[in-house]
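Survey of secondary and tertiary structure
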Amino acid sequence: MGDPSVKILATGGGGQVGTELARRAGAWDTEITVLSRGELDITDVEAVRAIVHASTPDVVINAAAHTAVDKAESEPDLAFAANRDAPGYIAGVCAEL
C-alpha cells in the first residue's frame, strides 16, 4: 500500500467510537490519527485550531462527547462545552481550511 488516499483526524480516542475507528483504520486506505481528551481538549478552540492546522486532515471526525447523563445534569457547563460548543469550534476551524 502506498500513501494513504485520505488523512483523517478523529477526536474521542478514549471512547467507544474513537477506539473502534482506530481499531478498524488498518483496513482502510487512510492515515488516521485518533486523539484522546488528554491529547486534545476539544473545548479549547485554540488547541483545536493548532491541531487541525498542523495535521491538515482531509476529514475530521468528532467522536468526543460528554455522555455521562447523571453528571451532565449536575455539571451542565461541562456538558454544554463538550456537546454544544466544541463541535462548533471544530466545524469553524475546519471551515478555515
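You'll find the structure just up there.
Conventions we followed
Residues numbered from 1 in each chain as written. Predicted model: local features only at pLDDT ≥ 70, side-chain atom pairs only at ≥ 80, totals over all residues. Heavy atoms only, no water. Helix = DSSP H or I, 4+ residues; strand = E, 2+ residues; numbered from the N terminus. Expected span 1.5 Å × (residues − 1). Bend = angle between axes of the 7 residues up to and from the residue. Buried < 20%, exposed > 50% of the residue type's maximum accessible area, 1.4 Å probe, protein only. Contact = heavy atoms within 4.5 Å. Pairing = 2+ DSSP bridges. Right-handed = clockwise from strand over helix to strand, strands pointing away.

**A look at helix α4 (residues 76-96)**
- Here α4 spans 29 Å end to end across 21 residues, near enough to the 30 Å set by a 1.5 Å rise per residue.
- Largest kink in α4: about 40°, centred on Asp85, with the proline Pro87 one to four residues after it.
- Burial in α4 covers these residues: Ala79, Ala81, Ala82, Ala86, Ile90 and Val93.
- Its buried side turned inward, α4 meets β1 (6-11), α2 (45-55), β3 (59-62) and α3 (69-74).

**Some words on the pairing of β1**
- Note: β1 against strand β2 (residues 30-35), six bridges, orientation parallel. In the strand pairing of β2, Ile8 is matched with Ile32.
- The β-α-β motif built from β1, the intervening helix α1 (residues 16-24) and the parallel element β2 has right-handed crossover chirality.
- Examined bridge by bridge, β1 and β3 share four bridges and lie parallel to one another. From the neighbouring strand, Ile8 faces β3, where its bridge partner is Val59.

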